[in-house]
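# Per-entry structural report
What follows is each chain in one-letter form.
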Amino acid sequence: MRSRRFKDIEDPAVIRATAGGADMSDDRGAFVTEEKETKGYWIKEWLKEIILAIIIAIVVMQFIKPTIVKQRSMEPNFYTNDYLLVSKQSYKLFHNSPEMGDVIIFETNLKTDAGDEKLLIKRVIGLPGDVISIKEGKVYVNGNMIDDSYTQDQFTNGELEDVVVPENKLFCLGDNRMVSVDSRSTDVGFVDYEQIIGKAVFRIYPFKDFGTIFNPYK
């Protein structure tokens, strides 16, 4: 019976392994090699995922700019340390024009305490060609008093008489009109389209206010 069983097996190496021979070391070597190859595979896959994540982040940053509010000029709708997502392409890639009520972030000639260029966050009130007036605490656009119920004090200080917004520029105000430095000030003035960094479209933090940015004129 034993001779017939071994006769039916043609591979001598298999015979030696079956008989408990020393050739089992070949199998152990193959196992070690396979383990090394497996580790190398996962390292490559890990590096691929890191590179892909970096590429995605770079692409996303071309469209979205995370922004943290550091001023009181937009209270009661935006507070210090609110975390916003700003669309950098709203008025460029998509060929949209700013609308009354949009909240925008733009460059200025103002400086921070550290001497860096100061960015401002304000709300668009006047579009190119609009006539702006401020009388007795109220804002008028093209002769019509606008709703200010969303502002901090429902009062706008300062006086303006039929000021026309130039082409490719915007008239912007903060929601906290009593403390805001905005288009009423000669330090800011009208906001040129080229100064706009983007439109605030989404609030990430605080979580209780998580969601899209409210436009009171829509």
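Residues numbered from 1 in each chain as written. Predicted model: local features only at pLDDT ≥ 70, side-chain atom pairs only at ≥ 80, totals over all residues. Heavy atoms only, no water.

## Description of the overall build of the protein
Regarding its fold elements, the protein presents three helices and twelve strands. Each of the 218 residues in the protein was classed as buried or not, and the buried ones make up 30%. Considering only contacts within the protein whose residues lie at least 6 apart along the sequence, 58% involve residues at least 24 apart. Counting only carbon and sulfur atoms, one obtains 57% of the accessible surface of the protein, whose full area is about 14000 Å². (Helix = DSSP H or I, 4+ residues; strand = E, 2+ residues; numbered from the N terminus. Buried < 20%, exposed > 50% of the residue type's maximum accessible area, 1.4 Å probe, protein only. Contact = heavy atoms within 4.5 Å. Areas by Shrake-Rupley, 256 points an atom, 1.4 Å probe, with all protein chains shown as cover.)

## Some details on the environment of threonine 80
In this structure, threonine 80 sits in the loop between strand 1 (64-68) and strand 2 (83-87). You can call threonine 80 partly exposed: its relative accessible area is 38%. Taking the C-alpha atoms as reference, threonine 80 lies 5.1 Å from valine 69; in sequence the two are eleven residues apart. With sequence-adjacent residues up to four places away left out, threonine 80 is seen in contact with Val69, Lys70, Gln71 and Arg72.

## Concerning the sheet that holds strand 8 (residues 160-164)
Here four strands make up an open sheet; going across it, the order is 7-6-5-8 and the pairing antiparallel. The open sheet terminates on both sides in strands that have one partner only, identified here as strand 7 (144-145) and strand 8. Where strand 5 (residues 131-135) lies against strand 8, three bridges are found, and the strand directions are antiparallel. Looking at strand 8, one finds that isoleucine 132 is bridged to valine 163. (Pairing = 2+ DSSP bridges.)

## Focus: the confidence of the model for the protein
Averaged over the protein, the pLDDT score is 83; the fraction of residues at 70 or greater is 79%. When the criterion is pLDDT under 50, residues 1-25 qualifies, and its contacts beyond four places in sequence or with other chains add up to six contacts. (pLDDT = per-residue confidence, 0-100.)

## Topic: the nonpolar core
When a protein is soluble and globular, its nonpolar side chains tend to lie buried together. Core analysis: the largest hydrophobic core is formed by eleven residues, namely Val69, Met74, Phe78, Leu84, Val86, Val103, Ile105, Ile121, Ile197, Ala200 and Ile213. Listing elements by their share of this core, those giving two or more residues are strand 2, strand 3 (103-111) and strand 11 (196-205). The contacts of isoleucine 197, once residues within four sequence positions are left out, are Lys65, Ser87, Lys88, Ile105, Phe106, Glu107 and Leu119. (Core = buried A, V, L, I, M, F, W, Y, C linked by side-chain atoms within 4.5 Å.)

## A word on the layout of surface pockets
Reported here for the largest pocket is a volume of approximately 240 Å³. Every residue lining the largest pocket is listed: Lys65, Thr67, Ile68, Val69, Lys70, Gln71, Ile105, Leu119, Leu120 and Ile121. Among the secondary structure elements, those contributing two or more residues to the lining of the largest pocket are strand 1 and strand 4 (117-126). Approximately 180 Å³ is the volume found for the second largest pocket. (1 Å grid on protein atoms, 1.4 Å probe; cavity = no way out; pocket = protein on both sides within 12 Å on 5 of 7 lines; lining within 4 Å. Points joined across faces, edges and corners; volume = space filled by probe spheres on them.)

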